[in-house]
Structures are given as structure tokens and as C-alpha cells.
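Topology and contacts: notes
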Amino acid sequence: MTHIAELNRGIEQLGIDLTGGQTALLGGYLSLLAKWNQTYNLTAVREEARMVSYHLLDSLTLVPHLDGGTRLLDVGSGGGMPGIPAAIARPDLSVVVLDANHKKTTFLRQAVIELKLVNVEVITSRVELYRPDTPFDRITSRAFAELGEFVSLTRHLLAPGGQWLAMKGVYPYEEIASLPEDTRASEVLGVGVPGLDAERHLVRVVPR
Ligand SMILES: C[S@@+](CC[C@H](N)C(=O)[O-])C[C@H]1O[C@@H](n2cnc3c(N)ncnc32)[C@H](O)[C@@H]1O
């Protein structure tokens, strides 16, 4: 991992408290992602330097907003964003990373084994067909679907008192307006990602 200094600076700017071991795991994850991306097409972002901001630091912006539950689901996790960085930063959470694409979940399983992430479970499934024994306190996604579709497809997976946390780009006025009527956006936060010159928002959605 050649970008550890940039990663450390970004983590400090985000105000997240991580141990050296956790930062090393994030670096290890990035190296695996970059290596597997050469043959598995996991992400369109190919340069490790850009991956630090676009994948690691962007995913880590979720971390301060995860309190209030122990089970987190990342839907359409792809190469593991935001679920894997979140799981590394929050080993107290039990994280499920789910994707319908076998190539992506093959990578995720390998990453979980190599990084020894005991708090991560990898599921290959379309989310609408997924029926776990226990529902989730927090359900997140990045670049998965429009807000309304994300909420509708995952409704059956939300625990009582649970919340959706959707990672979005520009302020998603229209998507918020077309949320299912029995849900509402309780909070929309503008998020700054170190090294990323793009608008980012985190939308918290709750049942009415
Ligand atoms: C654009 S990628 C985003 C990946 C990752 N979250 C990120 O931000 O880099 C969207 C992912 O959603 C997955 N996906 C799309 N529809 C799905 C569904 N119904 N159930 C599960 N995964 C799905 C795709 O396989 C793909 O990996």
C-alpha cells in the first residue's frame, strides 16, 4: 500500500478514531481491490490513489452515523463499498455485504478471508430475494438504486426502529420527494470527502 500517508491524512480530516491496525487493514483491502480489479472489473476507478478518496474515505464518512444498532447491511456492495471499510472501522458491528453478482462476492469472500474480517458475512443474492433470520438495524447502499427503489426493495429487511442510510451525490431532491409514503427522510447531511471534489450527501430514511 503506497498511499498510507494520504489515507491517514484523510482519516484525520474526517475525525475518525482508528488504530494503526485498522488503517493497515484498510490499506490491505485497497491493495486487494486494486489487484483483483485488473482481472475482475470490480470498479471503474482503477488508480489506487483515486481509490483512497473515492472508495475508502467516501465509505468512511458513513462511520460516525452508524450508532444505534449492531447489524448493518450493505446492499449492492460491489467491491465492498461502503460495507468493508465500515466493518473495519467498526468491528463491534455485524456487517453483511450483499451483491447479486458472483464475481463481486467471490472477491468479497476472498478479501474477508485474507483480512480476517470476522464481523463480515458475504451474501450472493438479489436483495429482494434475501430472507435472513434476523433483520437489520441499519441498511446502507452507495450507487445501488434510486432512494425509493432502495427502500422498497429492502423494506422486509429492516428491524423495528431501524433506519436506511443512503449515500448519494448531489442533493437528491426528486428522489426524496418520491420516497414511499410510509417512509420519510429524517435527515440529509452534506458530506465532505478529503481529496474528492464532488458533492456528497447522506440521507437517513425512517418508517413513518
Ligand atoms: C454501481 S455498483 C455499486 C457498488 C458499490 N456499492 C460502490 O459504491 O462502489 C451496483 C451494484 O449493485 C448490484 N446490484 C444491482 N441490483 C441488485 C439487486 N437487486 N440485488 C443485489 N445486488 C444488486 C450490482 O451487481 C452492482 O455490484
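All figures in this text were calculated on a predicted structure; none of them were measured in a lab.

1. Considering empty space enclosed by the protein
By the definition in use, this model includes one cavity of 30 Å³ or more. If you add up the space inside the largest cavity, you get close to 50 Å³. Contributing to the lining of the largest cavity are D58, T61, L62, M167, K168, V191, R200, H201 and L202. Every element with two or more residues in the lining of the largest cavity is listed here: β5 (158–168) and β7 (200–207). The residue makeup of the lining of the largest cavity, split by class, is four nonpolar, two polar and three charged.

2. Describing the sheet that holds β5
With mixed pairing, seven strands are arranged side by side in an open sheet as β3-β2-β1-β4-β5-β7-β6. Sheet topology places β3 (120–124) and β6 (183–191) at the edges, where each strand pairs with a single neighbour. Across this sheet, the average inter-strand angle for adjacent strands is 20°, counted without regard to direction. The pairing of strand β1 (residues 71–75) with strand β4 (residues 136–142) spans three bridges and is classified as parallel. Counterpart to L72 in the pairing with β4 is R138.

3. Some thoughts on the layout of surface pockets
Roughly 280 Å³ of volume is contained in the largest pocket. Around the largest pocket, the lining is made up of 15 residues, and of these L42, G76, G78, R142 and A143 lie nearest the centre. Of the residues contributing to the lining of the largest pocket, the split by class is six nonpolar, six polar and three charged.

4. Observations concerning the environment of L57
As for its position among the elements, L57 is in helix α3 (residues 48–60). Linking L57 and Q13, residues 44 residues apart in sequence, is a C-alpha distance of 9.8 Å.

5. Side note on unusual backbone geometry
The linkage connecting M81 with the following residue, P82, adopts the cis geometry, with an omega of 0°. In this fold, P82 is placed in the loop between β1 and α4 (83–89). In the Ramachandran plot, N41 falls in the positive-phi region, its phi being about 50° despite a non-glycine side chain. Structurally, the position occupied by N41 is in the loop between α2 (20–40) and α3. The exposed category is assigned to N41, whose relative accessible area is 51%.

6. Comments concerning the packing of helix α1 (residues 4–14) against α3
Angle between the axes and distance between the axes: these two values describe a pair of packed helices. Between α1 and α3, the shortest axis-to-axis distance is 10 Å and the interhelical angle comes to 30°. In terms of orientation, α1 lies roughly parallel with respect to α3. The handedness of the crossing between α1 and α3 comes out as right-handed. On α3, the residues that touch E6, L7, G10, I11 and L14 of α1 are A49, V52, S53, L56, L57 and L60. In terms of residue class, the contact of α1 with α3 is built from eight nonpolar, two polar and one charged.

7. A few points about the nonpolar core
Residues I11, L26, Y29, L60, I84 and F107 are the most contacted members of the largest nonpolar core, which totals 44 residues. Where this core is concerned, the elements lending two or more residues are α1, α2, α3, α4, β2 (94–99), α5 (102–115), β3 and β5. The leading source of residues in this core is α2, at seven residues. Of all hydrophobic cores here, the second largest spans 19 residues; its members include L73, Y130, I139 and V203.

The rules behind the values
- Residues numbered from 1 in each chain as written.
- Predicted model: local features only at pLDDT ≥ 70, side-chain atom pairs only at ≥ 80, totals over all residues.
- Heavy atoms only, no water.
- 1 Å grid on protein atoms, 1.4 Å probe; cavity = no way out; pocket = protein on both sides within 12 Å on 5 of 7 lines; lining within 4 Å.
- Points joined across faces, edges and corners; volume = space filled by probe spheres on them.
- Helix = DSSP H or I, 4+ residues; strand = E, 2+ residues; numbered from the N terminus.
- Nonpolar A, V, L, I, M, F, W, Y, C, P; charged D, E, K, R; others polar.
- Pairing = 2+ DSSP bridges.
- Axes fitted to C-alpha atoms, helices over the stretch in contact; angles between N-to-C directions.
- Buried < 20%, exposed > 50% of the residue type's maximum accessible area, 1.4 Å probe, protein only.
- Parallel < 35°, antiparallel > 145°, perpendicular 65-115°, else oblique.
- Left-handed = near helix turned anticlockwise from the far one by under 90°.
- Contact = heavy atoms within 4.5 Å.
- Core = buried A, V, L, I, M, F, W, Y, C linked by side-chain atoms within 4.5 Å.

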